[in-house]
Amino acid sequence: MPLHGLRELERNSYTAIYHDPAQQLVFLKRFSLPYPSLVEVEQNFQRMEQAIALISRPRSLLLVDARDAPMRNDDQFEATFAPSHARLMQGFKKTAVLLKSAIGVLQVERLSKGNVRPVGTFTRPEDALLHLGVRIDLTQFTSS
C-alpha cells in the first residue's frame, strides 16, 4: 500500500524498503528485532540489494531510518555488517542514516569510512530530510 508516494518493495521481520519515484528516494526502515545470527545479517542485506536492484542509484537518494535497530558492536557483527552496509550504500547520489543516539552516529561513521561518498548521519529526522532535500512523514512507519 503506497504511503505518500512510497511503494513498498520489500518487507521482512528486520526491515522494510520503500521507493518514491517522484522524489527519487529509497527509504529503508530498520525494525527492532535483533538478528539471530550473522548469516541472517548477510541474507537480509542480500534481500535488500535484490529489492532495489532495478533502481538507478546515481539518480536516487537513500534514507535509512535505523533508530529502532538494536545496538550491537561486537567484532564479528561489525566484520559482517560493514561490507554489506557499504555495498548497500554504494552508488547513491546522496545518503542519510537516521540514528537514535550519538553513539550510533559514531558507529555508522566509523563503519562507513572509506565509502566513495560520505554518509550523512543524523539523530534528528528533520536534519536528515533537509540533507536529502525530501519530504516524508516518518511517523507513519512502524515495525509490523
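Before any of the text, the structure's been laid out above.
Residues numbered from 1 in each chain as written. Predicted model: local features only at pLDDT ≥ 70, side-chain atom pairs only at ≥ 80, totals over all residues. Heavy atoms only, no water.

### Observations regarding the side chain of threonine 15
Here comes step 1: You can see threonine 15 is positioned in strand E2 (residues 15-20).
Here comes step 2: Polar side-chain contacts of threonine 15 include one of 3.3 Å to the side chain of asparagine 44.
Here comes step 3: With near-sequence residues (within four places) excluded, threonine 15 lies in contact with Glu10, Leu28, Lys29, Arg30, Phe31, Asn44 and Met48. (Helix = DSSP H or I, 4+ residues; strand = E, 2+ residues; numbered from the N terminus. Polar contact = N/O pair within 3.5 Å; in protein donor to acceptor, adjacent residues only side chain to side chain. Contact = heavy atoms within 4.5 Å.)

### Some details on the layout of surface pockets
Here comes step 1: Here the largest pocket defines a volume of roughly 500 Å³.
Here comes step 2: Lining the largest pocket are 27 residues, with Arg30, Ala66, Ala69, Pro70 and Phe81 positioned closest to its centre.
Here comes step 3: For the lining of the largest pocket, the element with the highest residue contribution is helix H2 (residues 75-89), accounting for five residues.
Here comes step 4: Residues that form the lining of the largest pocket fall into these classes: 18 nonpolar, five polar and four charged. (1 Å grid on protein atoms, 1.4 Å probe; cavity = no way out; pocket = protein on both sides within 12 Å on 5 of 7 lines; lining within 4 Å. Points joined across faces, edges and corners; volume = space filled by probe spheres on them. Nonpolar A, V, L, I, M, F, W, Y, C, P; charged D, E, K, R; others polar.)

### Quick word on helix H1 (residues 38-51)
Here comes step 1: In a regular helix each residue adds 1.5 Å, so 14 residues correspond to 20 Å; H1 covers 20 Å between its end C-alpha atoms and thus fits that length.
Here comes step 2: As for H1, its buried residues are in contact with E2, strand E3 (25-30) and H2. (Expected span 1.5 Å × (residues − 1).)

### Thoughts on the nonpolar core
Here comes step 1: By size, the foremost hydrophobic cluster in this structure holds 25 residues, and its most contacted members are Val26, Ile52, Val64 and Val97.
Here comes step 2: When residues of this core are traced back to their parent elements, those giving at least two are E3, H1, strand E4 (61-65), H2 and helix H3 (102-112).
Here comes step 3: Apart from residues lying up to four places away in sequence, isoleucine 52 is in contact with Leu9, Ile17, Val26, Arg57, Leu88 and Phe92.
Here comes step 4: If you look at the next biggest cluster of nonpolar residues, it comprises 17 residues, including Ala16, Phe27, Leu63 and Leu129. (Core = buried A, V, L, I, M, F, W, Y, C linked by side-chain atoms within 4.5 Å. Buried < 20%, exposed > 50% of the residue type's maximum accessible area, 1.4 Å probe, protein only.)

### Concerning H2
Here comes step 1: The end-to-end C-alpha distance of H2 is 21 Å, a good match for the 21 Å that 15 residues give at a rise of 1.5 Å each.
Here comes step 2: The sharpest bend along H2 comes to roughly 25 degrees, located at phenylalanine 81, with the proline proline 83 sitting one to four residues further on.
Here comes step 3: Within the sequence span of H2, burial applies to Phe77, Glu78, Thr80, Phe81, Ala82, Ser84, His85, Leu88 and Met89.
Here comes step 4: In the segment just after H2, glycine 91 is the residue with positive phi, at about 90 degrees. (Bend = angle between axes of the 7 residues up to and from the residue.)

### Some thoughts on the packing of aromatic side chains
Here comes step 1: Scanning all chains against the criterion turns up four aromatic pairs.
Here comes step 2: Ring geometry for tyrosine 18 against phenylalanine 27: centres 5.9 Å apart, planes inclined by 25 degrees, an arrangement best described as stacked.
Here comes step 3: Classification of tyrosine 18 as buried rests on a relative accessible area of 3%.
Here comes step 4: Residues phenylalanine 45 and phenylalanine 81 carry aromatic rings whose centres are separated by 5.5 Å and whose planes lie at 75 degrees to one another, so their mutual orientation is edge-to-face. Separated by 36 residues along the polypeptide, phenylalanine 45 in helix H1 and phenylalanine 81 in helix H2 bring together distant segments of the chain. Note on accessibility: phenylalanine 45 and phenylalanine 81 belong to one class, buried.
Here comes step 5: In this structure, arginine 30 is placed above the aromatic ring of tyrosine 35, and the distance from its NZ or CZ to the ring centre is 4.4 Å. (Phe/Tyr/Trp six-rings, centres within 6.5 Å; stacked < 30°, edge-to-face > 60°. Lys NZ or Arg CZ within 6 Å of the ring centre and 35° of its normal.)

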